[in-house]
Amino acid sequence: MPDETNPFENFQTQVKTAAERLELDDGVIEYLTTPERVLETNLTVELDDGSLETFEAYRSQFNDARGPYKGGIRYHPWVTREEVKALSGWMVYKCAAINIPYGGGKGGISFDPGEYSETELERITRAYAEAIRPIIGVDRDIPGPDVNTGQREMNWLKDTYETLENTGAPGIVTGKGLESGGSEGRVEATGRSVMLTAREACEYLDRDIEDTSVAVQGYGNAGSIAARLLDDLGARIVAVSDSSGAIYNSDGLDPRDVLDFKSETGQVAGYSGADEELSGEELLTMDVDLLIPAALENAIDRRLAEDVSAEVIVEAANGPLTTGADEVFADSETVIVPDILANAGGVTVSYFEWVQNRQQFYWSEEKVNSELEVLVVDAFAEMVDAYESHDAATHREAMYLVAIERVMKAVEGGGFWP
Ligand code: GLU
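Quick caveat, the model's predicted, so the values are computed rather than measured. (Residues numbered from 1 in each chain as written. Predicted model: local features only at pLDDT ≥ 70, side-chain atom pairs only at ≥ 80, totals over all residues. Heavy atoms only, no water.)

Visitor: Where do I start with the pattern of salt bridges in this structure?
Guide: If the charged atoms of two oppositely charged side chains come close together, the side chains can form a pair. Going through the model one piece at a time under the given rule, you end up with 30 salt bridges. With a closest N to O distance of 2.9 Å, Arg 126 and Glu 122 form a salt bridge. Residue Arg 126 and its partner Glu 122 are both found in helix H4 (residues 118-132); the two are separated by four residues, about one turn of the helix. We classify Arg 126 as partly exposed; its relative accessible area is 25%. (Salt bridge = Lys/Arg side-chain N within 4 Å of Asp/Glu carboxyl O. Helix = DSSP H or I, 4+ residues; strand = E, 2+ residues; numbered from the N terminus. Buried < 20%, exposed > 50% of the residue type's maximum accessible area, 1.4 Å probe, protein only.)

Visitor: Explain the site of the ligand here, please?
Guide: Around the ligand, the surrounding shell holds 15 residues, and the nearest of these are Lys 70, Lys 94, Pro 145, Asp 146 and Ser 350. A distance of 2.7 Å is found between an oxygen atom of the ligand and a side-chain nitrogen or oxygen belonging to Lys 70. Side-chain polar atom of Asp 146 to a nitrogen atom of the ligand: 2.8 Å apart, as the coordinates give it. Relative to its free-state accessible area of 300 Å², the ligand is covered by the protein chains to the extent of 95%. Residue composition of the shell around the ligand, grouped by class: three nonpolar, seven polar and five charged. (Near = heavy atom within 4 Å. Polar contact = N/O pair within 3.5 Å; in protein donor to acceptor, adjacent residues only side chain to side chain. Areas by Shrake-Rupley, 256 points an atom, 1.4 Å probe, with all protein chains shown as cover. Nonpolar A, V, L, I, M, F, W, Y, C, P; charged D, E, K, R; others polar.)

Visitor: Would you mind showing me how to read the nonpolar core here?
Guide: The biggest cluster of nonpolar side chains holds 86 residues, and the ones touching the most others in it are Tyr 93, Leu 230, Ile 292 and Ile 404. One finds Ile 73, Tyr 75, Ile 136 and Ala 169 within the second-largest nonpolar core, a separate group that totals 25 residues. (Core = buried A, V, L, I, M, F, W, Y, C linked by side-chain atoms within 4.5 Å.)

Visitor: Explain the pairing of strand S2 (residues 52-63) here, please?
Guide: Looking along a regular strand, one sees the side chains alternate between the two faces of the sheet. Pairing geometry for strand S1 (residues 37-46) and S2, over ten bridges, is antiparallel. Counted as the bridge partner of Thr 44 is Thr 54 from S2. The antiparallel hairpin formed by S1 and S2 contains five residues in its connecting segment, where Gly 50 sits at a positive phi of about 95°. Looking at chain direction, S2 and strand S4 (residues 104-109) are connected through six bridges and run antiparallel. Bridge assignment links Arg 59 to a residue of S4, and that residue is Gly 107. (Pairing = 2+ DSSP bridges.)

Visitor: Explain the sheet that holds strand S7 (residues 236-242) here, please?
Guide: Backbone hydrogen bonds are what pair the strands of a sheet, in a parallel or an antiparallel way. Across the sheet, which stays open at both edges, the seven strands sit in the order S9-S8-S7-S6-S10-S11-S12 with mixed pairing between neighbours. If you trace the sheet from one side to the other, it starts and ends with strand S9 (276-278) and strand S12 (335-337), each paired once. This sheet shows a mean twist of 20° between the axes of neighbouring strands, independent of strand direction. Against the sheet, helix H6 (residues 189-204) contacts strand S10 (290-293), strand S11 (312-314) and S12, and its axis sits at roughly 160° relative to S11. (Axes fitted to C-alpha atoms, helices over the stretch in contact; angles between N-to-C directions. Contact = heavy atoms within 4.5 Å.)

Visitor: Help me understand the sheet that holds S2, please; the structure alone is not making it clear to me.
Guide: Within the open sheet, the five strands sit side by side as S1-S2-S4-S3-S5. Their pairing is mixed. Pairing within the sheet leaves two strands with one partner each, and these edge strands are S1 and strand S5 (141-145). Within this sheet the neighbouring strands show an average axis-to-axis angle of 20°, counted without direction. When strand S3 (residues 69-75) meets S4, the two strands line up parallel, connected through three bridges. Its bridge partner lying in S4, Arg 74 is registered against Gly 108. Taken strand by strand, H4 contacts S1, S2, S3, S4 and S5, and its axis lies near 140° from that of S1.

Visitor: Where do I start with the packing of aromatic side chains in this structure?
Guide: Aromatic ring pairs are reported here in terms of the distance separating the ring centres and the angle at which the planes meet. Applying the stated criterion to the full structure yields 16 aromatic pairs. With a centroid separation of 5.7 Å and an interplanar angle of 65°, the aromatic rings of Phe 261 and Tyr 271 are classed as edge-to-face. Of this pair, Phe 261 sits in helix H8 (residues 255-265) while Tyr 271 is found in the loop between H8 and S9, placing the two residues ten residues apart along the sequence. Considered together, Phe 261 and Tyr 271 belong to a single accessibility category, that of buried residues. Among the aromatic residues, those joined into a ring-pair cluster are Phe 8, Phe 11, Phe 62, Trp 90, Tyr 93 and Tyr 400. If you follow Lys 85 out to its NZ or CZ, it ends over the ring of Phe 8, 4.5 Å from the centre. (Phe/Tyr/Trp six-rings, centres within 6.5 Å; stacked < 30°, edge-to-face > 60°. Lys NZ or Arg CZ within 6 Å of the ring centre and 35° of its normal.)

Structure below.
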């Protein structure tokens, strides 16, 4: 019996399900579901009071058949070897689904960054950069932001790498600040692809976006920006949550105002424009048209899935549904827009950033957003085509069929060596 809470097992099941429909051999499936290497390291860092602390850290390089390993760095107490392996695997199929020339990687440090000062975070980040330096490179493995990391951490990573290598290499990491070689539109990119795929899903289902109620679980970068962009399209954001709880207003919340409140107080609970406060679990099962899990893995398991009433789920987080939940939704009318498509905007604009760094020619925000839209709309259409032509059980499986075929073409083109 697979462990529903192990994200790596959930990832492997997702890939296997699609690979079996493609009738790939067991040995090939093993290759497609196994990371090439995982660096596990311990960072010993001096804290502000002079004491030492050691942090567990990882970088998983899953597969580079289609291009350099690419993926974020996560700072969270739940970071484990299994989680990083799963997240790096999802990056492989995400980059293939959206069709950018990257493989997949992911890294993380197992700690709660909220408990450390800025100077401590800088030392931890620089120690991490030093530890992964031998295995990363502009054409080899390119880190980016993920949960609890952003421009500040990416700037430190770049500076550490460039200093130690005695060179300028802005393309070594993406998600940097604009003055450090970042791209316009990168901060909004994940939320933007969530909005775009939600819009495409509404069109696919003949649903009017202006007549669509939305609940968002998680009000960080992806969730808050997706809420704002969907509100701009006329959807009604009726509920949002974070670790403090959920807030609800049947007439719709103002996502900008909620974000201002959260920036001031650190939480959404207590927001005065809400009619009601709910638990996080109540938000996931409430009566809405569109549900956006935008927090962490395993938000919806088999038990909770039975009570979900949304018509569409757009996965802003990586791996928010367990395999058990997927089985429940495969037998229901609920359409899932999978993470490897819905949140691919982040890595796609990371790719645009890397291209701009290499060309030393910078794009306008309009150009970034319109290039992103083309890739997202095309990938959505390819998913729908694969769903119909392969008679796939779910849209997740359909997106994996497209992605796996792309990875396999690259593998077959180069062959296995030795
Ligand atoms: N953390 C992002 C993701 O899960 C992407 C990181 C990057 O831009 O490399 O897709």
